[in-house]
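# Remarks on the overall topology
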Amino acid sequence: MLQFLVRRLIVAILVAATVMTLAFILTRLSGDLAISIAGPNATQADVETVRKAYGLDRPLTVQFFDWVGRAATGDLGESYFFKTKVSKLIGERMPITVTLGLTGLVIALLVSLPLGILAAVRENTALDRVVQMVALLGQAMPSFWLGLILMITFGLQLGWLPISGTGSWQHYVMPGIVLAFSAIPALTRLTRAGMIQAMGSDYIRTARAKGLSRASILLKHALRNAAIPVVAIAAVQLGFMLGGSIVIEQVFALHGVGFLAWESIGKNDFPVVQAVVLVLAVIYVALTMVADLMNAVLDPRLRGP
Amino acid sequence: MSVVSVTAGPKRGWKSISTWIGAMIVGIAMICAIFAPLLVPHDPFAQDLSKRLLPPFWMEGTNPDYILGTDQLGRDYLSRLIWGCRISVLIGVTVTVVSALIGITIGVLGGFLGGRVDDAVLFAITTRLSIPVVLVALAVVGLLGSSMTLLVLTLGLLLWDRFAVVARSTTMQVRNLDFVAAAWCAGCSRFRILSGEVLPNIASHLVVVATLEIALAILLEAALSFLGLGVPPPLPSWGLMIAEAKDYMFFSPWVIVIPGVALFVLVLGINLLGDGLRDMFGARTDP
Amino acid sequence: MSALLEVDHLEVNFGGRVSAVRGASVTVERGETHCLVGESGCGKSVTALAVMNLLARGARRSAKRLAFEGQDLTGLSDSGMAHLRGNAMAMIFQEPMTSLNPAYTVGSQMTEVLRRHKKTTQRAATDRAADLLARVGITAPGLRLGQFPHQLSGGLRQRVMIAMALMCDPKLLIADEPTTALDVTVQAQILRLLAGLQRDLGLGMLLITHDLGIVARVAHRVSVMYAGEVVESAPTAELFANPKHPYTKGLLRCVPVPGKIRRDEPLGSIPGTVPRIGPGFEGCAFRERCDFADATCAHTVPRHAAGVAHDFLCRLPA
Ligand SMILES: Nc1ncnc2c1ncn2[C@@H]1O[C@H](COP(=O)(O)OP(=O)(O)O)[C@@H](O)[C@H]1O
Ligand code: SF4
Ligand SMILES: [Mg+2]
């Protein structure tokens, strides 16, 4: 197990290094950064000033190793636009994105687990088909559009929830629901498949032979085993949700990390963009490791003899 | 367990109905996409500021010339919708072609050669999955300026992971089958074995993945266009139509309902068809 | 007093297509070991699962009489049946490797059954579990209680299953080929354990096996199943000495004397396989493989008595 974790850690570091390189290349794609930063009306002299000021006059390799070296120590550079440390900017915005992601995940689990269990218990009935249909509908739903529709109905027409901003917990309900939609199909299908497999297993036959209650058979014996892959995927899904929240943050004007990245793209603020890409990638990789750990907690067989 | 559960029959009928519905939706979309120039009742780009925001047929005060009404610049909504379908299908298919080429090559190589190569393939997949797709696509388009080609290439370069995962695992299975072993023994070249034995045997799985990817690419294109960094205006991408109509949605919700429903139905249709194909082929698409 | 378990004319079919059990009758007396033998696929497990009402969904069960201690089981509600299962009637299975839940410790799985059926504290339940683990020959029971199934060997897991089945002092123990999946040496140990427990605790036991050596050593009574029917039933010595049904004779051909049977003697040294039978089948199911078959065997065949508590199903006279 420990060996496994060490291997995972090495892979994680390599992934982070690769993403760093890619993020660097990405921001240099347009050619001369200084021209973009200085803006369309800048004179040649302005561009030169910018180039000097941001160290863009140095050779690319020097710039690259400078960014890698600083990033490794947690220094993600300085924002061209906000004129503050990128790490500070991301640190300020991250709580909003994380709150949104966790809200989405909790909603997704609250919907997927019962639906998946219900479909499994009623396998091949009309109910099962309805659940599978719901999963398909969720998969086809354009999240930004769903966000707008929710805004019109629950925000404007019914007036139940605030339309944008981050003032209170109510502000996270609609974006959370929208974000949850992206994870519900996969989690529901996985729960259903896991429960069907568990319910057909020998240990469930044993549990029934012991005369245990239906609740205990379903929730204690079957779900515990069916949940193992679900929990792992849920962690990974959270990673995807944090990365994908950029669209929803924009729709609901939540000023999280995704919103920050979107603003920065519009302002050619490259240090912020490359830092957000890196941070999101590192979070994703960390979450996959968390998933492995949770698996080990849930499945005693992974903890070794 | 000696007592296996009996799988009941009725699923088949329902499955085939949903597959047919999916096929029908996809068929209609294909026709719209291919024959869009012939089908549009009006020029989808022609503005007429005197006919702005005409409501669609089910509302009051409609103009029978404009069944689905007009947008904020007086352009015919039905024509833009049909043209938008062309763009969605075009992007979905081309992105999938690019990502399939990348993903299948990588996946088959990893699955077929194993060892170091496979380690590298797995690493590439892990790295790819850790990259936030929407953000990177937005950044690329934001930096280089929006164009269809750039969008297709960017999404294609980002969406090959599922092809790689499925191609890799199915290739591994096929590699160990008897007839492939026999081909090895008969002294066939690696290329002959790959193209003659492996690819035909994993093709059905890849077709199913392709449907999923087309649907995903269409959704992503819409999201990027919605954020203003996808298809360049005045092209009527559905995502862009929603973005442009957003300012009017509180007063005339239909301006975003129409393109949104179109997007939803098309993606649902592709998924239904893919689901049906998956059952038909008994294919695996999950990692 | 009524018998411990009465099964009369049990019928089980799956989705109306497969008739797995066709009018089987089995009676287990208190304190008796009744062996159910027959080739693989002849319906032994389905019979046992039908008694416990553990059949898979899609299976349909009916019987003229299905009673435990005189209480009718066919009309019993799900919760009424759950109250009996694991309590007065317990079952162990053929697959020790997969029959325990991998996610919970041995102790937790053992104590939960006692706490479900009897009012006890967790403490008392743990004590009883430890006692029973010792009773089934497991050393260091305290340690084992805290372990997970994957940390135990197949033989140990089957011992745990046995101990778990005994937690609530059942009157009937159904054991479905409890040794088939185990190593030969372990098989003998587990079998000796079961026979000892049956004697000491006065259990009624329905032991399913296809090992005639086991039958000869532990059974009081034997029922031979073929294609969903009990084709012959008799006290053990009587059956070995005086088999009537051609199928039973075939089974015993090489091993006619009880006590002199080699262990692991395979059944089914008879050419052919058990036919899969759908609804509406008539006549003797053994006729394809029987040396004595004639035209009358295709019609309903009678059940004969052949002495005290001995009957068989064949057109041939006793
Ligand atoms: N869940 C099921 N669905 C359909 N047929 C079944 C099922 N369980 C058992 N059967 C059939 O019932 C017959 C008897 O099986 P079983 O009782 O397991 O035999 P055995 O005597 O080896 O224990 C077999 O033909 C088997 O195919
Ligand atoms: S009834 Fe006929 S076929 Fe069946 S066992 Fe007797 S003699 Fe053989
Ligand atoms: Mg059996």
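Residues numbered from 1 in each chain as written. Chains lettered and ligands numbered in written order. Predicted model: local features only at pLDDT ≥ 70, side-chain atom pairs only at ≥ 80, totals over all residues. Heavy atoms only, no water.

On to the overall build of chain C, then. Assigned secondary structure in chain C consists of ten helices and twelve strands. A compact globule built from 318 residues would reach a C-alpha radius of gyration of about 20 Å, and chain C, at 20 Å, matches this within 12%. If one aligns the C-alpha atoms of chain C with their principal axes, the spans along those axes are about 65 × 45 × 35 Å. In chain C, which comprises 318 residues, the share counted as buried stands at 57%. Taking the contacts inside chain C whose residues are at least 6 apart along the sequence as the reference set, 65% of them involve residues at least 24 apart. The positive charge centre, built from 36 side chains, and the negative charge centre, built from 29, are 4 Å apart in chain C. (Helix = DSSP H or I, 4+ residues; strand = E, 2+ residues; numbered from the N terminus. Rg over C-alpha atoms; globule rule 2.2 N^0.38 Å. Buried < 20%, exposed > 50% of the residue type's maximum accessible area, 1.4 Å probe, protein only. Contact = heavy atoms within 4.5 Å. Lys, Arg positive; Asp, Glu negative; His and termini not counted. Charge placed at Lys NZ, Arg CZ, Asp CG, Glu CD.)

Once that is clear, we can look at the sheet that holds strand 2 (residues 18-28) of chain C. All names here are of chain C. The four strands are arranged 2-1-4-5 in an open sheet whose pairing can be described as antiparallel. Strands with a single pairing partner mark the edges of an open sheet, and in this sheet they are strand 2 and strand 5 (71-72). Across eight bridges, the pairing between strand 1 (residues 5-14) and strand 2 is antiparallel. Its bridge partner lying in strand 2, Leu10 is registered against Ala24. Each of strand 1, strand 2 and strand 4 (59-68) touches helix 1 (residues 44-52); the most contacted strand, strand 1, lies at about 110° to it. (Pairing = 2+ DSSP bridges. Axes fitted to C-alpha atoms, helices over the stretch in contact; angles between N-to-C directions.)

This part takes up the packing of aromatic side chains. Under the defined criterion, the tally for this structure stands at eight aromatic pairs over all chains. Grouping aromatic residues by their ring pairs yields a cluster made of Phe24, Phe64 and Phe65 of chain A. Directly above the ring of Phe93 of chain C sits Arg205 of chain A, whose terminal nitrogen or CZ lies 3.9 Å from the centroid. Of note, Arg86 of chain B hangs over the ring of Trp83 of chain B, and the distance from its end group to the ring centre comes to 5.3 Å. (Phe/Tyr/Trp six-rings, centres within 6.5 Å; stacked < 30°, edge-to-face > 60°. Lys NZ or Arg CZ within 6 Å of the ring centre and 35° of its normal.)

What follows covers the sheet that holds strand 12 (residues 311-313) of chain C. All names here are of chain C. Pairing is mixed across the open sheet formed by eight strands, whose spatial order is 6-7-8-3-9-10-12-11. Each end of this open sheet is capped by a strand with a single partner; those strands are strand 6 (89-92) and strand 11 (303-305). Strand-to-strand, the axes of this sheet are offset by a mean angle of 20°, without reference to chain direction. Pairing of strand 7 (residues 172-176) with strand 8 (residues 204-208) involves five bridges; the strand directions are parallel. Looking across to strand 8, one finds that Leu172 is bridged to Gly204.

Okay, the domain arrangement of chain C next. Residue and element names in this part refer to chain C. The domain boundaries assigned to chain C delineate domain 1 (5-88 + 173-313) and domain 2 (96-167). Taken over C-alpha atoms, the centre of domain 1 sits 29 Å from the centre of domain 2. Counting residues at the interface gives 18 residues for domain 1 and 14 residues for domain 2. Of the roughly 1300 Å² buried between domain 1 and domain 2, counting both surfaces, carbon and sulfur atoms make up 66%. Where domain 1 packs against domain 2, one counts one salt bridge. A salt bridge links Arg135 to Asp200; its shortest N-O distance comes to 2.9 Å. Viewed at the interface, domain 2 and domain 1 are joined by five residue pairs in polar contact (both at pLDDT 80 or more). At the level of elements, helix 2 (78-84) and helix 7 (184-201) are the ones that each hand at least two residues to the side of domain 1 that touches domain 2. In terms of residue count, the dominant contributor to the side of domain 1 that touches domain 2 is helix 7 (eight residues). (Domains from an automatic or database assignment. Buried area = accessible area lost by both parts, 1.4 Å probe. Salt bridge = Lys/Arg side-chain N within 4 Å of Asp/Glu carboxyl O. Polar contact = N/O pair within 3.5 Å; in protein donor to acceptor, adjacent residues only side chain to side chain.)

Going through the model one piece at a time under the given rule, you end up with 25 salt bridges over all chains. With a shortest N-O distance of 2.9 Å, Arg162 of chain B and Glu213 of chain B are connected by a salt bridge. Here Arg162 of chain B, found in helix 6 (residues 161-175), pairs with Glu213 of chain B, found in helix 8 (residues 190-226); they are 51 residues apart in sequence, far enough to count as distant. Linking Arg303 of chain C and Asp311 of chain C is a salt bridge whose minimum nitrogen-to-oxygen distance equals 3.2 Å. Judged by relative accessible area, which is 41%, Arg303 of chain C ranks as partly exposed.

Cis geometry marks the peptide bond from Pro233 of chain B to Pro234 of chain B, where omega comes out at 5°. On the secondary structure map, Pro234 of chain B appears in the loop between helix 8 and helix 9 (238-245). Although it is not a glycine, Asn53 of chain C adopts a positive phi angle of roughly 55°. As for its placement among the helices and strands, Asn53 of chain C is situated in the loop between helix 1 and strand 4. A positive phi is found at Ala140 of chain C, a non-glycine position, where the angle reads about 50°. Along the chain, Ala140 of chain C falls in the loop between helix 4 (122-135) and helix 5 (141-145).

Residues and elements named next belong to chain B. In the contact formed by helix 8 and helix 9, the axes pass within 7 Å of each other and the chain directions differ by 30°. On the basis of their axis angle, the class for helix 8 and helix 9 is roughly parallel. In this structure, helix 8 meets helix 9 at a crossing whose hand is right-handed. Note on element contacts: helix 9 touches helix 8 through Gly239, Leu240, Ile242 and Ala243, opposite Ala222, Ser225 and Phe226. Taken together, the residues that form the contact of helix 8 with helix 9 break down as five nonpolar, two polar and no charged. (Parallel < 35°, antiparallel > 145°, perpendicular 65-115°, else oblique. Left-handed = near helix turned anticlockwise from the far one by under 90°. Nonpolar A, V, L, I, M, F, W, Y, C, P; charged D, E, K, R; others polar.)

To continue, consider a nonpolar patch on the surface. Together, Met30, Ile31, Ile34, Phe35, Leu38 and Leu39 of chain B give the surface a local cluster of nonpolar side chains, amounting to about 580 Å² of exposed area. Mapped onto the fold, Ile34 of chain B is located in helix 1 (residues 11-39). (Patch = residues over 30% accessible without salt bridge, like charges linked within 9 Å, V, L, I, M, F, W, Y side chains within 5 Å. Areas by Shrake-Rupley, 256 points an atom, 1.4 Å probe, with all protein chains shown as cover.)

To continue, consider the nonpolar core. If you look at the biggest cluster of nonpolar residues, it comprises 128 residues, and the most contacted ones within it are Trp67, Leu76, Ile90 and Phe144 of chain A together with Ile256 of chain B. If one sorts the elements of this core by residue count, helix 12 (residues 270-298) of chain A sits on top with 13 residues. Not counting residues within four places of it along the chain, the set of residues in contact with Ile90 of chain A comprises Leu76, Val257, Leu260, Ala275, Val276 and Val279 of chain A. In terms of nonpolar packing, the next biggest core, distinct from the first, is built from 102 residues, Ala130, Ala165, Ala219 and Tyr247 of chain C among them. (Core = buried A, V, L, I, M, F, W, Y, C linked by side-chain atoms within 4.5 Å.)

As a matter of local geometry, ligand 2 sits amid His245, Pro246, Cys284, Phe286, Arg287, Cys290, Phe292, Ala293, Cys297, Val301, Cys314 and Arg315 of chain C. Classifying every residue of the shell around ligand 2 by side-chain character gives nine nonpolar, one polar and two charged. (Near = heavy atom within 4 Å.)

Our focus in this paragraph is the side chain of Ser19 of chain C. With respect to the element layout, Ser19 of chain C can be found in strand 2. The residues contacting Ser19 of chain C, other than those within four sequence positions of it, are Val12, Asn13, Ile277, Gly278 and Pro279 of chain C.

Turning next to helix 4 (residues 133-144) of chain B. All names here are of chain B. In a regular helix each residue adds 1.5 Å, so twelve residues correspond to 16 Å; helix 4 covers 17 Å between its end C-alpha atoms and thus fits that length. In terms of burial, helix 4 is a largely internal element, ten of the twelve residues being buried. In the stretch just after helix 4, Gly145 is the one whose phi turns positive, near 85°. (Expected span 1.5 Å × (residues − 1).)

Let us look at the confidence of the model for chain C. All names here are of chain C. Summing up the model confidence of chain C, the mean pLDDT is 87 and the portion of residues at 70 or higher is 93%. Counting contacts from residues 256-268, a segment whose pLDDT is below 50, to residues more than four positions away or on other chains yields 27 contacts. Among the prediction metrics, the complex's ipTM stands at 0.88, with pTM recorded as 0.85. (pLDDT = per-residue confidence, 0-100.)

All names here are of chain B. Contact geometry of helix 2 (residues 77-113) with helix 3 (residues 115-130) gives a least axis separation of 7 Å together with a crossing angle of 145°. Pair helix 2 / helix 3 crosses with left-handed handedness. On the side of helix 2, the interface is formed by Ile106, Leu109, Gly110, Gly111 and Leu113, while helix 3 contributes Gly115, Val117, Asp118 and Val121. Split into classes, the residues belonging to the contact of helix 2 with helix 3 amount to five nonpolar, three polar and one charged.

Here the focus is the pairing of strand 7 of chain C. Looking along a regular strand, one sees side chains alternate from face to face of the sheet. Residue and element names in this part refer to chain C. Of all five residues making up strand 7, five are buried, and the element is well covered by its neighbours. Residues Leu172, Ile174 and Asp176 point to one face of strand 7 and Leu173 and Ala175 to the other, with burial holding for every one of them. In this fold, the crossover linking strand 7 to strand 8 by way of helix 7 has right-handed handedness. (Right-handed = clockwise from strand over helix to strand, strands pointing away.)

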